[in-house]
Amino acid sequence: MPADPTPHGATASGAGSTGAAPGDGGAPRRLAQMALRDLPWEVGVAKPDPAVVVDGVTRTFGGLTAVSVDHLEIQRGGITGLIGPNGAGKTTLFNLLTGFDQPDTGTWSFNGQSLGKLAPHQVARLGVVRTFQLTKALSRLTVLQNMLLGAQGQRGESFLRALVPGTWRAQEKANTEKAMELLRRFKLDAKKDDFAGTLSGGQRKLLEMARALMSDPKVVMLDEPMAGVNPALTQSLLGHVKDLREQGMTVIFVEHDMDVVRDISDWVVVMAAGRIIAEGPPESISQNQAVVDAYLGAHHDAPLTVEEEDQVLAQAEKAIAREEQTDGDVLSTDAGPERTER
Ligand SMILES: Nc1ncnc2c1ncn2[C@@H]1O[C@H](COP(=O)(O)OP(=O)(O)OP(=O)(O)O)[C@@H](O)[C@H]1O
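Note that the structure is a prediction, hence the values are computed from the model and not measured. (Residues numbered from 1 in each chain as written. Predicted model: local features only at pLDDT ≥ 70, side-chain atom pairs only at ≥ 80, totals over all residues.)

As for the nonpolar core
Membership of the largest hydrophobic core comes to 70 residues, with the highest contact counts inside it found for A210, V220, V251 and V270. Among the elements that take part in this core, strand β9 (residues 267-272) stands out by supplying six residues, more than any other. Leaving out residues up to four positions away in the same chain, V251 has contacts with I79, T80, V220, L222, V241, L244 and R245. (Core = buried A, V, L, I, M, F, W, Y, C linked by C-beta atoms within 7 Å. Buried ≥ 20, exposed ≤ 12 C-beta atoms within 10 Å, placed from the backbone. Helix = DSSP H or I, 4+ residues; strand = E, 2+ residues; numbered from the N terminus. Contact = placed C-beta atoms within 7 Å.)

Focus: the domain arrangement of the protein
Splitting the protein by domain gives domain 1 (27-137 + 208-300) and domain 2 (141-198). Taken together, the contact pairs eleven residues of domain 1 with 14 residues of domain 2. Sorting elements by how many residues they give to the side of domain 1 that touches domain 2 places helix α7 (residues 201-212) first, with four residues. Of the residues assigned to the side of domain 1 that touches domain 2, the class counts are six nonpolar, two polar and three charged. (Domains from an automatic or database assignment. Nonpolar A, V, L, I, M, F, W, Y, C, P; charged D, E, K, R; others polar.)

Remarks on the site of the ligand
In the region of the ligand, the neighbouring residues are F61, L64, A66, G84, N86, G87, A88, G89, K90, T91 and T92. Breaking the shell around the ligand down by element, the ones donating at least two residues are β2 (64-75) and α2 (90-97). Broken down by class, the residue content of the shell around the ligand amounts to four nonpolar, six polar and one charged. (Near = placed C-beta within 6 Å.)

Focus on the environment of T176
Mapping T176 onto the fold places it in helix α6 (residues 165-185). In sequence terms T176 and S200 are 24 residues apart; their C-alpha atoms lie 23 Å from each other.

Observations concerning the pairing of strand β1 (residues 50-61)
Of the pairings in the sheet, the one linking β1 to β2 comprises ten bridges and is antiparallel in character. Across the sheet, R59 pairs through a bridge with V67, a residue of β2. Between the end of β1 and the start of β2, which pair antiparallel, lie two residues, with G62 showing a positive phi angle near 60°. Bridge count between β1 and strand β4 (residues 105-110): five bridges; the pairing is antiparallel. Counterpart to D55 in the pairing with β4 is T107. (Pairing = 2+ DSSP bridges.)

Concerning unusual backbone geometry
With phi around 50°, N111 is a residue other than glycine that occupies positive phi space. By secondary structure assignment, the location of N111 is in the loop between β4 and β5 (113-114). Positive phi, close to 65°, is recorded for K117, a residue that is not glycine. Locating K117 in the fold gives a position in the loop between β5 and α3 (120-126).

Notes on helix α8 (residues 231-246)
Counted at 1.5 Å a residue, the expected span for α8 with its 16 residues is 22 Å, and the 23 Å between its end C-alpha atoms agrees. L237, G239, H240, V241, K242, D243, L244, R245 and E246 are the residues of α8 that are buried. Contact partners of the buried residues in α8: α1 (27-37), β3 (79-83), α7, β7 (219-223), β8 (250-254) and α9 (258-264). Of the residues flanking the end of α8, it is G248, one or two places downstream, whose phi is positive at about 90°. (Expected span 1.5 Å × (residues − 1).)

Brief notes about the environment of M226
Looking at the element boundaries, M226 is found in the loop between β7 and α8. Through-space distance from the C-alpha of M226 to that of I277 is 24 Å; in sequence the pair is 51 residues apart. Beyond its immediate stretch of four places on either side in the chain, M226 contacts T234, L237, E255, D257 and V260.

Digging into α2
For α2, the tally of buried residues reaches eight of eight residues, placing the bulk of the element in the interior. Among the residues trailing α2, G99 stands out with phi positive, at a value near 80°.

Some remarks on the environment of W267
Along the chain, W267 falls in strand β9. For the pair W267 and S139, spaced 128 residues apart in sequence, the C-alpha to C-alpha distance is 35 Å. Ignoring anything within four residues of it in the chain, the contact list for W267 reads L36, Q75, G78, T80, E279 and P281.

Focus: the sheet that holds β5
If you walk across this open sheet you meet the four strands as β2-β1-β4-β5, and the pairing is antiparallel. The sheet is open, and its two borders are formed by β2 and β5, each paired with just one other strand. α2 contacts β1, β2 and β4 of the sheet and is inclined by roughly 65° relative to β2. (Axes fitted to C-alpha atoms, helices over the stretch in contact; angles between N-to-C directions.)

Observations regarding the sheet that holds strand β10 (residues 275-280)
With respect to topology, six strands assemble into an open sheet ordered β6-β7-β8-β3-β9-β10, the strand pairing being mixed. The outermost strands of the open sheet, each flanked by one partner alone, are β6 (128-130) and β10. Averaged over all adjacent pairs, the angle separating strand axes in this sheet is 20°, with direction ignored. Here β3 pairs with β8 via four bridges, running parallel. Looking at the pairing, T80 lines up with I252 of β8.

Here it is as structure tokens:
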């Protein structure tokens, strides 16, 4: 193992990356986990070095409170998994933090700078970008054109540059080179002239992630990056997410698959009915009764975790054993409130 004494220095994986699934992470992963290791597993807990801070953010749709977050801090340089049953408010929270939607109340900031009332491109320019659950790759543009759309400072700036042709061409060339470097990293370079609409679902997810990186973000929010992706590409996508942390980015991702969450998260935040109901390292989450209750009560369509299944089975076995022991006396309640009999 090579010693790596420079935690935030240039990463080895950068320019030379060939697209092979990167490793499990070196110094950045260890640093992120060490920074979070001794924190209490409490909702709203202060992080040692928060990149994003959310305070009192609420969003209602008619009578429905989709998001109601009192306080949330996201540790810089770590991978934070955002989980919760369907309709918990995860996507709405992403929309709010990145300027795609505006809340009823609340403030939120990146590096101490308020992001309230900013449009998505302004938020992106400050370094906070997101991808979408349903990929937004524009199908009638080529892969390369999609990438160039992700370059920083598209609109007004490009108009000004157009008045100074030399500058414009230089910028265009630099953007194209950067796009090609990213496409090589994501193994999409051979498809640069294909229409995005011809890509598979997994390749579009890769394109979406690559495009997000065109603006050199500091914080990347990924909404279900693995959903609908075949197993071969899942590994590659997972590697790329870990790679973002290796390059010093802060990652927040929404995911339903608990194996994925356990594999790559340094910290997990759980939402239910708009609120944050638990926070902690991945291993803390499946032991948390509020989380289990939220999932069981939500009739969600995501699979239960192994721990959740074990818990349900254990409760059922206990109830059956009790019934057998008492020989039909099913009125006994000493093992807790859960009753499986009807
Ligand atoms: N534009 C909207 N208009 C009305 N209701 C909305 C709107 N957007 C979201 N909601 C509602 O807000 C709640 C939270 O939705 P959201 O999509 O944020 O949940 P989620 O946790 O991302 O769910 P999933 O895991 O299914 O994607 C849901 O009840 C949803 O129906």
